[in-house]
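Each chain, written out:
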Amino acid sequence: MTDGKRRKGLMAASALLGGVLVLTACSSGDSDGATPSGIKKSQEQADEAAAKKTSEADIKIAPKDGSDNASINNAAKVTVSKGTLTDVTMKTADGTAVAGQISADKKSWKPTAQLQRATTYKIAAAAKDSDGRAAHENAQFTTVSPANSFIGNFTPEDGSTVGVGMPVSINFDKAITNKSDVQSHITVTSSSGQEVVGHWFNSQRLDFRPEDYWQGGSTVTMKLDLDGVEGANGVTGVQQKTVSFKIGRNQVSTVDAKTKTMTVTRDGKTIKTIPISAGSPENKTYQGQMVISEKFKETRMNGASVGFTDDDGKGEYDIKDVPHAMRLSNSGTFIHGNYWGAKSIFGSANTSHGCVGLADAKGANDSSTPGAWFYDNSMIGDVVVVKNTGDKTVAPDNGLNGWNLSWADWKAGSAS
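Residues numbered from 1 in each chain as written. Predicted model: local features only at pLDDT ≥ 70, side-chain atom pairs only at ≥ 80, totals over all residues. Heavy atoms only, no water.

When you go through the protein chain residue by residue, the secondary structure sums to five helices and 27 strands. In the protein chain, of all internal contacts separated by at least 6 residues, the share reaching a separation of at least 24 is 65%. For the protein chain, the exposed surface amounts to about 21,500 Å²; the carbon and sulfur share of it is 49%. (Helix = DSSP H or I, 4+ residues; strand = E, 2+ residues; numbered from the N terminus. Contact = heavy atoms within 4.5 Å. Areas by Shrake-Rupley, 256 points an atom, 1.4 Å probe, with all protein chains shown as cover.)

So, about the sheet that holds strand E8 (residues 149-150). Taken together, three strands build an open sheet; the order of strands is E8-E17-E16 and the sheet is mixed. Each of the sheet's edge strands pairs with one partner strand only, and the pair in question is E8 and strand E16 (230-232). As judged from the two bridges shared by E16 and strand E17 (residues 235-237), these two strands associate in the antiparallel manner. Within E17, the residue paired with Ala232 across the bridge is Val235. (Pairing = 2+ DSSP bridges.)

Throughout the structure, instances matching the rule amount to 11 salt bridges. For the salt bridge of Asp207 with Arg205, the shortest nitrogen-to-oxygen distance reads 2.8 Å. With relative accessibility at 1%, the residue Asp207 sits in the buried group. With its nearest N and O atoms 2.7 Å apart, the salt bridge here joins Arg300 to Asp318. With a gap of 18 residues between them, Arg300 in strand E23 (residues 294-302) and Asp318 in strand E24 (residues 318-327) connect regions that are remote in the sequence. For Asp318, a relative accessible area of 34% puts it in the partly exposed group. Members of the salt-bridge network, linked through shared partners, are Asp129, Asp131 and Arg133. (Salt bridge = Lys/Arg side-chain N within 4 Å of Asp/Glu carboxyl O. Buried < 20%, exposed > 50% of the residue type's maximum accessible area, 1.4 Å probe, protein only.)

Checked against the element boundaries, Ala139 lands in strand E7 (residues 134-142). The contacts of Ala139, once residues within four sequence positions are left out, are Ile61, Asp65, Tyr121, Lys122 and Ile123.

Core analysis: the largest hydrophobic core is formed by 31 residues, its most contacted members being Ile170, Phe172, Val182, Ile186, Val188, Phe208 and Met222. Breaking this core down by element, the ones donating at least two residues are strand E11 (168-172), strand E12 (186-190), strand E13 (196-200), strand E14 (205-210), strand E15 (219-225) and strand E18 (240-247). Each residue touching Phe208, except ones within four places of it in the same chain, is listed here: Pro167, Val168, Ile170, Gln183, Ile186, Val188, Val196, Val197, Gly198, Trp214 and Trp410. In this structure, Ala57, Ala76, Val78 and Val238 belong to the second largest nonpolar core, which totals 23 residues. (Core = buried A, V, L, I, M, F, W, Y, C linked by side-chain atoms within 4.5 Å.)

Here E24 lies mainly inside the structure; eight of its 10 residues are buried. Two elements, E23 and E24, share seven bridges in a ladder whose sense is antiparallel. By the bridge assignment, Asn302 is partnered in E24 with Asp318. The sheet contact formed by E24 and strand E25 (residues 334-338) spans two bridges and is antiparallel. Residue pairing across strands places Arg327 opposite Phe334, the latter belonging to E25. Between E24 and E25, which pair antiparallel one after the other, the connecting turn spans six residues, and Gly332 there sits at a positive phi close to 115°.

On to the packing of aromatic side chains. Under the counting rule described, the total for this entry stands at seven aromatic pairs. Consider the rings of Phe150 and Phe172, whose centres lie 5.7 Å apart with planes at 75°: the pair is edge-to-face. Here Phe150, found in strand E8, pairs with Phe172, found in strand E11; they are 22 residues apart in sequence, far enough to count as distant. One exposure class covers both Phe150 and Phe172, and it is buried. Residues Tyr339 and Trp340 carry aromatic rings whose centres are separated by 5.0 Å and whose planes lie at 85° to one another, so their mutual orientation is edge-to-face. (Phe/Tyr/Trp six-rings, centres within 6.5 Å; stacked < 30°, edge-to-face > 60°.)

All right, on to the sheet that holds strand E20 (residues 261-266) then. What the five strands build is an open sheet, ordered E21-E20-E19-E27-E22; its pairing is mixed. Of all the strands in the sheet, the pair left with one neighbour each is strand E21 (269-275) and strand E22 (288-291). The mean inter-strand angle of the sheet, taken between neighbouring strand axes irrespective of direction, is 20°. Pairing of strand E19 (residues 251-256) with strand E27 (residues 383-387) involves five bridges; the strand directions are parallel. Residue pairing in the sheet places Val255 in a bridge with Val386 of E27. (Axes fitted to C-alpha atoms, helices over the stretch in contact; angles between N-to-C directions.)

Written out as structure tokens, the structure reads:
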């Protein structure tokens, strides 16, 4: 074989062998195109290792991130399952810190004070699972605005001691149209077992009382469960609290404008009879059962503030230091001390502009006067019954004077 032929043969063999090598390389592995078993196993191992690095602790924050109209009582609750909380911080949008506390079992956290309305809060929570692996969660929410919520301002105050005539009186800051729903979430009970019923005077005032005066020495408890309760379209309650107050001794004082005396009874026994001067024939005092709602050692009384002027013939007055004054109506009826009138009028003449006056001393510092004695021996919630004045009965909603409604009429005003 010549050298030329030999070279051609080698080249052909080489090309054939090269083709075989190429074909062998392309056909190796699974014929369906799947990942080779070695590579697949390596991927599974990597996934398993990554899973082992992820914490099992599952943090939940209520309300959910981005919520608005959140409760000021129940929002900002943080809980964790399959782990324990290690740190929770809460701040307002402007960075003010909000105090809170992790529970003893480290499973939950909540703020230690009520939240503010119309405020944006941010929460950052951290936890770890049983293997010490960390988990984190963040949320931001905004609480309900004043425009979309209502509150009830109530009297008497929690922990106070009041007289037997003191009703529970709630004044809402917005008109309530869903009266039944709102009333059903307010309960008032007495340790005496007396039935207590609510009465709506209007869309914003709801009072509670029993049929007869509270029993002396009893305890009255009011529960407000209004959080989230719709009071009107788009307006929900925010209050969630329980308050209680004590009923003191049973004191009822009866003013008789005809005899011009006041008889004070305590627990059914007369303890004092005091000469008084009620409203003049031109300015008669309201009749009826009235409840002392405020007490002032000294206060200013201005006739112009209750409609008296020199032009109306009733006479304007302005006394800046009326002693021992106690309010009986919102319209200006008081029982108070009088130092400017002659001592002879008490028990003999009705001369006031509609109040009930008792002899007193200027400065309210003479404890021996009838005005001072009655002030010192009276409390908010005591009843003063006024009769024989010739005037009309005070309106039940003029002050805390719902006792002037019959029990049937009172119950008729309930929405429950």
